[in-house]
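# Overview (structure and organization)
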Amino acid sequence: MADMKQYVQDTLDLIGKRDPEQKQFKTTVSKVLETVVPVLEKHPEYKEQKILERMVEPERVVSFRVPWQDDKGVTHINRGFRVQMNSAVGPYKGGLRFHPSVNLDILKFLAFEQVYKNALTGLPIGGAKGGSDFDPHGKSDNEVMHFCQSFMTELYRHIGPHVDVPAGDIGVGGREIGYLFGQYKRICNAYDAAVLTGKRVDYWGSLARPEATGYGLMYFVKNMLDDKNISLKDKTLVVSGAGNVATYAIEKAQEYGAKVVTCSDSDGYIYDPNGIDLDAVKEIKQVRRGRIKEYVAAHPQAEYHEGCTGVWTVKCDVALPCATQGEIDIESAKALVANGVIAVGEGANMPSSLEAIEYFQQNKVLFAPAKAANAGGVAVSALEMSQNSERLQWTFAEVDNKLKDIMANIYRCAKANAEKYADPDDLVAGANITAFVKVADIMLAHGLV
Ligand code: NDP
Ligand code: 2IT
């Protein structure tokens, strides 16, 4: 054991030495590698073949300039990136994020997580992440279109249906995917539909892709609770975010009879003791592209609170962080536990800090880690690629049923490996081990590449 613990430590030291500023990437890697020590022990060939050193080095990183002009004719220069982390399991696959905080550190951590998340889906996709420090807030459709066209004018040469297939993430939804796809099609003079996923249904998108991450999160959480004979009916849920993931997690939770009392955006959160009126949230965020505080005007019983972390002080049975990384620190975790939280399901990528996760586990809170719980989005993206290959569109029910099966299977595999190698309820270790072994074994089969 000591030998493999040292191997993990040496790998982390290597990252620290090579890229000392990439703190989030190193933290993410440490969280994964520390949980896979038992399988490193069982498979000395992983160390002999330097699997860890290979896994933490992206296969390729592309960084480029994105010039564009706003509606007033003012020129802006943003940065564009694509981190192609690992293609052992299939073509690179993962979202694009447009947010001012985007940098190489964040994209490397997201790309690293994506490799193992995608492996968990059981579908043939490798892992990547990309994006830009462009801020879509307050931009006109015309400005977003010009930015997307400029971004794709460089990105197109690095992607393709058999190479790398981007999709949405924070700040990239159906509108952006449309503009990106239009420019790719124009440059390449080919209707390569499967080069991007999250397309609108009338141009080769998949039914149920918009819903997939949020619905998938609830399917996973339901599997986890069913195992303990706990029902979601009449439970109180606290959700953060009001974007793609949060919206459809709320929709499915309400269908299950749960009462969701909060949601939020980057300015603050709303608390509605009667349960969130989801149609109103969709109207504000999807149609008007407004701020969540607008909700209280037509809902006098609801409260609006500035700031994001306060949402975790609201008493609940289940907490679903669905906004962004680092939302739940140790203080928020303590507040949730003090208020009697039973389960936490991560819709966002890495929303809980390492200390927060440890605290949940010590306090026997059922914990559904992001790479397992939010894998439904990329899973349906892979199903969109399948539909594009056969030039057919499946029904909503067909896609949704496959999604349910995929999420149940991820839960089963994570649980089985938790029972085999760790604490039986440690789905963090269970999910990491399931995915790691799959990726590592395929890398070995491909030889030293
Ligand atoms: P959206 O852009 O649709 O929504 C993001 C939401 O989170 C918005 O309400 C936004 O508020 C809020 N938010 C963004 N950044 C911050 C921040 N720094 N602090 C507080 N709130 C913030 O993104 P998604 O719903 O697609 O993504 C949410 C999370 O889920 C991300 O972690 C993403 O990586 C992850 N994810 C997404 C998948 C997908 O299929 N879309 C799949 C799997 C994971 P505002 O309106 O103010 O911007
Ligand atoms: O984090 C994620 O899994 C996503 N943003 C979805 C990626 C995808 O390719 O659908």
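As a reminder, the structure under discussion sits directly above these lines.
Report follows, based on the coordinates. Remember, it's a predicted structure, so these values are computed and weren't measured experimentally.

### Looking at the site of ligand 2
In the region of ligand 2, 14 residues are neighbours, and K93, K117, K129, D169 and S381 sit closest. One of the side-chain N or O atoms of Q114 is found 3.0 Å from an oxygen atom in ligand 2. The protein chains hide 94% of the 290 Å² of surface that ligand 2 would expose on its own. Only β3 (92–98), α6 (104–120) and α15 (376–389) provide two or more residues apiece to the shell around ligand 2. Grouping the constituent residues of the shell around ligand 2 by class yields two nonpolar, seven polar and five charged.

### Describing the packing of helix α1 (residues 2–18) against helix α2 (residues 23–35)
At a closest axis distance of 10 Å, the pairing of α1 and α2 adopts a crossing angle of 170 degrees. As far as their axial angle goes, α2 and α1 are roughly antiparallel. Here V8, T11, L12, I15 and G16 of α1 lie close against α2, whose contacting residues are F25, K26, V29, S30, L33 and E34. In terms of residue class, the contact of α1 with α2 is made up of six nonpolar, three polar and two charged.

### Some thoughts on the site of ligand 1
Of all residues adjacent to ligand 1, which total 27 residues, the nearest are H137, D169, T213, S266 and R291. A distance of 2.4 Å separates an oxygen atom of ligand 1 from a polar atom in the side chain of S266. Summarising the interface, the protein chains cover 85% of the accessible area of ligand 1, which totals 890 Å² for the free molecule. Among the secondary structure elements, those contributing two or more residues to the shell around ligand 1 are α9 (209–226) and α10 (244–255). Its residues placed into classes, the shell around ligand 1 shows seven nonpolar, 13 polar and seven charged.

### Let's talk about the nonpolar core
Core analysis: the biggest nonpolar cluster contains 102 residues, and L40, F220, L237, L320 and F436 have the highest contact counts within it. Among the elements that take part in this core, α6 stands out by supplying 10 residues, more than any other. Here L320 is in contact with L217, M218, V221, L237, V238, V239, S240, W312 and G345, once residues within four sequence places are set aside. With 22 residues, the next largest nonpolar core counts V62, F64, F151 and Y184 among its residues.

### Details of the sheet that holds strand β6 (residues 236–239)
Paired through their backbone hydrogen bonds, the strands of a sheet run either parallel or antiparallel. The seven strands are arranged β9-β8-β7-β6-β10-β11-β12 in an open sheet whose pairing can be described as mixed. The open sheet is flanked by β9 (303–306) and β12 (366–368), the only strands paired with a single partner. Between one strand axis and the next, the sheet turns through 15 degrees on average, direction left out of account. Note that β6 and strand β10 (residues 318–320) share three bridges and pair parallel. In the sheet register, V238 faces β10, and the bridge partner there is A319. In this fold α10 packs onto β6 and β7 (259–264), with an angle of close to 170 degrees to the strand it touches most, β7.

### Quick look at the pattern of salt bridges
The tally for this structure, following the rule as stated, stands at 24 salt bridges. Between K199 and E384 there is a salt bridge, with the nearest N and O atoms lying 2.7 Å from each other. Pair noted here: K199 is in the loop between α8 (174–188) and α9 and E384 is in helix α15, with a separation of 185 residues, a long-range link. In terms of burial, K199 and E384 fall into one category: buried. Between E294 and R288 there is a salt bridge, with its nearest N and O atoms 2.7 Å apart. One network of salt bridges, in which partners are shared, links K228, K415, E419 and D425.

Reading the values: the criteria
- Residues numbered from 1 in each chain as written.
- Chains lettered and ligands numbered in written order.
- Predicted model: local features only at pLDDT ≥ 70, side-chain atom pairs only at ≥ 80, totals over all residues.
- Heavy atoms only, no water.
- Near = heavy atom within 4 Å.
- Polar contact = N/O pair within 3.5 Å; in protein donor to acceptor, adjacent residues only side chain to side chain.
- Areas by Shrake-Rupley, 256 points an atom, 1.4 Å probe, with all protein chains shown as cover.
- Helix = DSSP H or I, 4+ residues; strand = E, 2+ residues; numbered from the N terminus.
- Nonpolar A, V, L, I, M, F, W, Y, C, P; charged D, E, K, R; others polar.
- Axes fitted to C-alpha atoms, helices over the stretch in contact; angles between N-to-C directions.
- Parallel < 35°, antiparallel > 145°, perpendicular 65-115°, else oblique.
- Contact = heavy atoms within 4.5 Å.
- Core = buried A, V, L, I, M, F, W, Y, C linked by side-chain atoms within 4.5 Å.
- Buried < 20%, exposed > 50% of the residue type's maximum accessible area, 1.4 Å probe, protein only.
- Pairing = 2+ DSSP bridges.
- Salt bridge = Lys/Arg side-chain N within 4 Å of Asp/Glu carboxyl O.

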